[in-house]
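In case you want the letters, here they are:
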Amino acid sequence: MIEVLEPLGCIAGVRIAVLVSPDGVPVVVRGQHAEEARGEAQGALQGENAESLAALASGWLAALARAVAPLSWNPPTRVVLRAARGTLVMLHAPGAVLLVVLDRGASPEDLRLPMEGAVARMQRILRAARGAAAGRAEPAPPAPLPSAAESKGLHMVPADSSPKHSPREFPG
Amino acid sequence: MSLVRRLFSGARIREARALLAHEPSAANYAALAHEHVRLSEMAEALRVCEEGLSSFPGNAELERLADRARELALGDRTRELSRQLRESPRPALYRELCAILLESRRTTRAEELAQEWFEKTGDSQAQLVRAEARLQRFLADRRREDARLALEHLDGAERLFPHDERPLRLRLSLASRAGAWREAQRIVARLLELAPGDPVLEARFRTLATMAETAPSLEQALREVERTGRLADDEPDRAVAPPSPSSIRPLLKALAAQGGVQSAIYERGATALVQGAKGATAERAARSIREVVQKSRTAARRLGLGGASEVLLEGDFGSLLIAPAEAGSAAVWCSGEVGERHRRSLRELVGGVPADDGEEDA
């Protein structure tokens, strides 16, 4: 998922971009400009900071969802919190939350399209991964010895594919 | 910079100055400062920002530009010091770089550098810088955890400098700002042991003695600071007077009449004025917005972002934009996306000057 987040890190004003998965493990990309400004020392604390950032931000998002629930509103899909020393932007993705912290003065609107693009890309990757996994699962594992039917020249077909074929398609 | 470019920029500066003379607004001050920044005239840009801020105190754009100009002015020296530190790390360089970082409010970096300074050189001054950096963070973000760490660093510094006033002064600053008067009185007593007969300290001790009786403990005071986001000596923002109820209603009506607006809400304390929604829906909306504001303020402080100035929620319900302010909070719920017009109206409602940037210091 790092490659999905990397373009966000290249945008000026982005301090950190984090993808929080449902199991709570954050995938982190630090903004390139932020790295230049803060030096390597910040990098040592990167993991710890990202985890607490992810936990606090997710907690806030959950609190917002609870707060608007009495209005019969669904949980918000995108939230922006502007503050004196930076801005937090969170975008809800299926099964994950993408969050970006911006420097003070950077506009969250500039991040709208790149963040939506990152989420779309992530979904594509997940779809492709699911497709590949399903493709691998289709063929039945070969038996150690040929069955009696195979010995007579008949081919085995997976049980789930049997309705798609008529008996006439098989030789013999 | 080439001569041609400088000539062109000179013309733009003259134009910006003429515009400012014609209409001395915050936006025109910012435009002139921008032109100076383009010419890398940071000192002049800073001077223009300061002049603008004296006329328009608290203007977010001018403050941002002033900060940026200050940072850029210090940037060259910072880079040079960092380079020298890589080549030959020594306490004098660390001290100067830490001072620059603290001045430019990069407290995280200052604290990390002080840690590195302590590890590489063993200089005990570094411990004080760490404590000061953490104290600055506490004063900016009002998090109890920051105060606790600052106190830990101060304990370390006191062990290294048992007869030094500086760690005690920092401790006194923390206790006084948090409103822990009993703790402050105890620290002043210790300071008086180091400097007996100091008239300022004696006067302060007497003042604190009158307040200490009902004062909370340090832990209670820090908890209260984190909960409310206010330090004991925080004054209510008097520069921006809260609007009167009679002036709120027409503004709220005008906001609710804008295209796409479902409802507009203004809250101050336990009172809410709602336009657009009625009855139980209005009550629920007001309650929800109050909760969103409260949670967002806490989250912004905990995330180290400082005071929250704007919250935007988007979803299948449309968009909800909230402008939290000290005097009261205003919110607008739109069926589509919120625009700059809505943002400006909200700022008017909460008593702020309509800002171009939508960002306001807490």
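Residues numbered from 1 in each chain as written. Chains lettered and ligands numbered in written order. Predicted model: local features only at pLDDT ≥ 70, side-chain atom pairs only at ≥ 80, totals over all residues.

(A) A look at the overall build of chain B. Counting its regular elements, chain B contains 15 helices and five strands. Looking at the 362 residues of chain B, the share that counts as buried comes to 41%. Contacts in chain B between residues far apart in sequence, at least 24 positions, make up 49% of those at least 6 positions apart. (Helix = DSSP H or I, 4+ residues; strand = E, 2+ residues; numbered from the N terminus. Buried ≥ 20, exposed ≤ 12 C-beta atoms within 10 Å, placed from the backbone. Contact = placed C-beta atoms within 7 Å.)

(B) Local environment of the overall build of chain A. A count of helices and strands for chain A gives six helices and five strands. Mapped in sequence order, the helices and strands of chain A form the string α-β-β-α-α-α-β-β-β-α-α. Expressed as a percentage of the 172 residues in chain A, the buried residues total 31%. Here the analysis covers contacts within chain A between residues at least 6 apart in sequence; of these, 43% occur between residues at least 24 apart.

(C) Fine view of the nonpolar core. Residue and element names in this part refer to chain A. Counting 76 residues, the largest nonpolar core has Val 89, Leu 99 and Val 100 as the members making the most contacts within it. When residues of this core are assigned to their parent elements, the largest contribution, nine residues, is made by helix H4 (residues 46–68). Contacts of Leu 99, omitting those with residues within four sequence positions, involve Val 18, Val 20, Ala 57, Leu 88, Val 89 and Met 90. (Core = buried A, V, L, I, M, F, W, Y, C linked by C-beta atoms within 7 Å.)

(D) Representation of the confidence of the model for chain B within the structure. Residues and elements named next belong to chain B. The pLDDT averaged across chain B works out to 83; a share of 91% of its residues lies at or above 70. Across chain B, the element-wise mean pLDDT spans from 77 in helix H1 (residues 3–22) up to 93 in strand S4 (residues 318–323). Within the model, pLDDT remains below 50 along residues 353–362, and this stretch shows 32 contacts once partners closer than five positions in the same chain are excluded. The ipTM value of the predicted complex is 0.72, and its pTM value is 0.58. (pLDDT = per-residue confidence, 0-100.)

(E) Quick look at the packing of helix H2 (residues 26–38) of chain B against helix H3 (residues 42–55) of chain B. All names here are of chain B. Look at H2 against H3: their axes get within 8 Å of each other, and the N-to-C directions meet at 170°. In terms of their interaxial angle, H2 and H3 are classed as roughly antiparallel. Mapping the contact onto sequence places Ala 26, Tyr 29, Ala 30, Leu 32, Ala 33, His 36 and Val 37 in H2 and Glu 44, Ala 45, Val 48, Cys 49, Glu 51 and Gly 52 in H3. Along the lines of polarity and charge, the residues of the contact of H2 with H3 split into nine nonpolar, two polar and two charged. (Axes fitted to C-alpha atoms, helices over the stretch in contact; angles between N-to-C directions. Parallel < 35°, antiparallel > 145°, perpendicular 65-115°, else oblique. Nonpolar A, V, L, I, M, F, W, Y, C, P; charged D, E, K, R; others polar.)

(F) How the structure looks around the interface of chain B and chain A. In this complex, chain B contributes 33 residues to the contact, which on the side of chain A involves 31 residues. Those elements giving two or more residues to the side of chain B that touches chain A turn out to be helix H6 (107–121), helix H14 (279–302) and strand S3 (308–315) of chain B. Looking at which element gives the most residues to the side of chain B that touches chain A, the answer is H14 of chain B, with eleven residues. Here the residues of the side of chain B that touches chain A sort into twelve nonpolar, seven polar and 14 charged. When strand S3 (residues 78–83) of chain A meets S3 of chain B, the two strands line up antiparallel, connected through six bridges. (Pairing = 2+ DSSP bridges.)

(G) Local environment of H3 of chain B. All names here are of chain B. With 14 residues, H3 should reach 20 Å at 1.5 Å per residue; the first-to-last C-alpha distance of 20 Å fits that figure. Within H3, the full set of buried residues consists of Met 42, Ala 45, Leu 46, Val 48, Cys 49 and Gly 52. The buried residues of H3 occupy an angular sector of 160° when the element is viewed end-on, so they sit on one face. Exposed positions of H3 whose direction lies more than 90 degrees from the buried face are Ala 43, Ser 54 and Ser 55. (Expected span 1.5 Å × (residues − 1). Arc of directions from axis to C-beta.)

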